[in-house]
Amino acid sequence: MESLELEIYGRYRALVEKSGAFSGRTSPDGEPSCVRLSDILDCYDAFCFDGYGTLYNRGDFVYPGAKEWFGALRRAGKQIRLVTNAASNLDQALAEEADARGFDFTVAETISSGSLLKGWLSGLPAGGSPFGAGREVYYIGRATGVNVLAECGIAAVENPVSPVVAISSSTATDEMYAQAVAILRRPGALLLVLNPDAWAPRIDGTRAPVSGELCERLRRETGCAAEYFGKPFPGIWQKVRATLPAGAKAVMIGDTLGTDVYGAYVAGFDSALVVGRNEPAAELDADEKLLGVRPTYYLEP
């Protein structure tokens, strides 16, 4: 991983553990096993999947073997969940996009980081809202992300009354970045990190910094407070747990050590890492040691 990427995921872990939400193990009892999905099919009641980088990527790109995984689980009658840090649209739209790629997740099976915003707002104590006269934010992200904000009664404006910036993807121009900095330097500023992913894999096998990296640069430059939604933080796992049958044994399948694998431990799930997409194989051992996190399995396509 990039050095900043490691620092970001290390910070996430520190925040989770400081909150008291997690103090358990972050590695399997022995060495992670190299498995195929068929090897663990009968070991779990529920299979949670990351989306981008694990099942699919931009456009209609689907990773080899991903549809076969999904079909085998459907035929076996397993519980399946899409647990994604995508905050670019409502869960209904994210489920429809996955379905168009060949993964027929229902809305009930789709849990996104963006969907947590509404519950977070409703759970704020009286007088604890970051918003003043009106619910306005300066928004950076894909155009459809305003649907997530609108669902919460929040308007995306150029200069919000209260100093709140919400980010769902790294689509900032230099001018947008400068505007975010100006807003976040105001007293009481808050950065809403709707998608905490720091780096993401491209279709061609390279990797690029995304929203979590952008948010961290803004946080460091302005010293603002930040609120994080999605993996690896506890809120998304509480929502996932609430959709599963009581006592269901679950495994999280993803491509990122700092969000999918560590997040699975926060949830009390086992984890399976798909190596070579968002976690370079040549850097795996060093990254595991630096983060102090190892998956239960390495999953072969």
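Please refer to the structure placed before this passage.
Here's what I pulled together on the structure shown here. (Residues numbered from 1 in each chain as written. Predicted model: local features only at pLDDT ≥ 70, side-chain atom pairs only at ≥ 80, totals over all residues. Heavy atoms only, no water.)

**Focus: the sheet that holds strand S8 (residues 190-193)**
Okay, step 1: Read from one edge of the open sheet, five strands run S6-S5-S7-S8-S11, paired in parallel fashion. Strands at the two margins of the open sheet, each flanked by one partner only, are strand S6 (155-156) and strand S11 (225-228).
Okay, step 2: Relative to S8, strand S7 (residues 164-167) runs parallel, the two sharing four bridges. Bridge pairing in S8 places valine 165 opposite leucine 191.
Okay, step 3: Strand contacts of helix H7 (residues 174-184): strand S5 (136-140), S7 and S8, with the helix running at about 145 degrees to S5, the strand carrying the most contacts. (Pairing = 2+ DSSP bridges. Helix = DSSP H or I, 4+ residues; strand = E, 2+ residues; numbered from the N terminus. Contact = heavy atoms within 4.5 Å. Axes fitted to C-alpha atoms, helices over the stretch in contact; angles between N-to-C directions.)

**Quick word on the side chain of aspartate 50**
Okay, step 1: Inspection of the secondary structure puts aspartate 50 in the loop between strand S2 (46-49) and helix H3 (66-75).
Okay, step 2: Residue classification places aspartate 50 among the buried residues on the basis of a relative accessible area of 5%.
Okay, step 3: Looking at aspartate 50, its side chain comes within polar contact range of the side chain of threonine 54, at 3.0 Å.
Okay, step 4: One polar contact links aspartate 50 to lysine 231, side chain to side chain, over a distance of 2.9 Å.
Okay, step 5: Every residue in contact with aspartate 50, bar those within four places of it in the chain, is listed here: Leu55, Leu82, Val83, Lys231, Met252, Ile253, Gly254, Asp255 and Asp260. (Buried < 20%, exposed > 50% of the residue type's maximum accessible area, 1.4 Å probe, protein only. Polar contact = N/O pair within 3.5 Å; in protein donor to acceptor, adjacent residues only side chain to side chain.)

**Some points on the environment of glutamine 92**
Okay, step 1: Positionally, glutamine 92 belongs in helix H4 (residues 91-100).
Okay, step 2: Classification of glutamine 92 as partly exposed rests on a relative accessible area of 42%.
Okay, step 3: Along the chain, glutamine 92 and glycine 230 lie 138 residues apart, while their C-alpha atoms are 17 Å from each other.

**Things to note about the nonpolar core**
Generally speaking, soluble globular proteins have nonpolar side chains that are buried together.
Okay, step 1: If you look at the biggest cluster of nonpolar residues, it comprises 69 residues, and the most contacted ones within it are Leu117, Leu191, Leu192, Leu218, Trp237 and Phe269.
Okay, step 2: Tallying contributions element by element places helix H10 (residues 257-267) first for this core, with seven residues.
Okay, step 3: In this structure, leucine 218 is in contact with Ile167, Tyr177, Ala180, Val181, Leu184, Leu191 and Gly223, ignoring residues within four places of it in sequence.
Okay, step 4: Phe70, Ala98, Phe105 and Val251 belong to the second largest nonpolar core, which has 24 residues in total. (Core = buried A, V, L, I, M, F, W, Y, C linked by side-chain atoms within 4.5 Å.)

Geometric descriptors of this kind do not, in isolation, establish any biological role.
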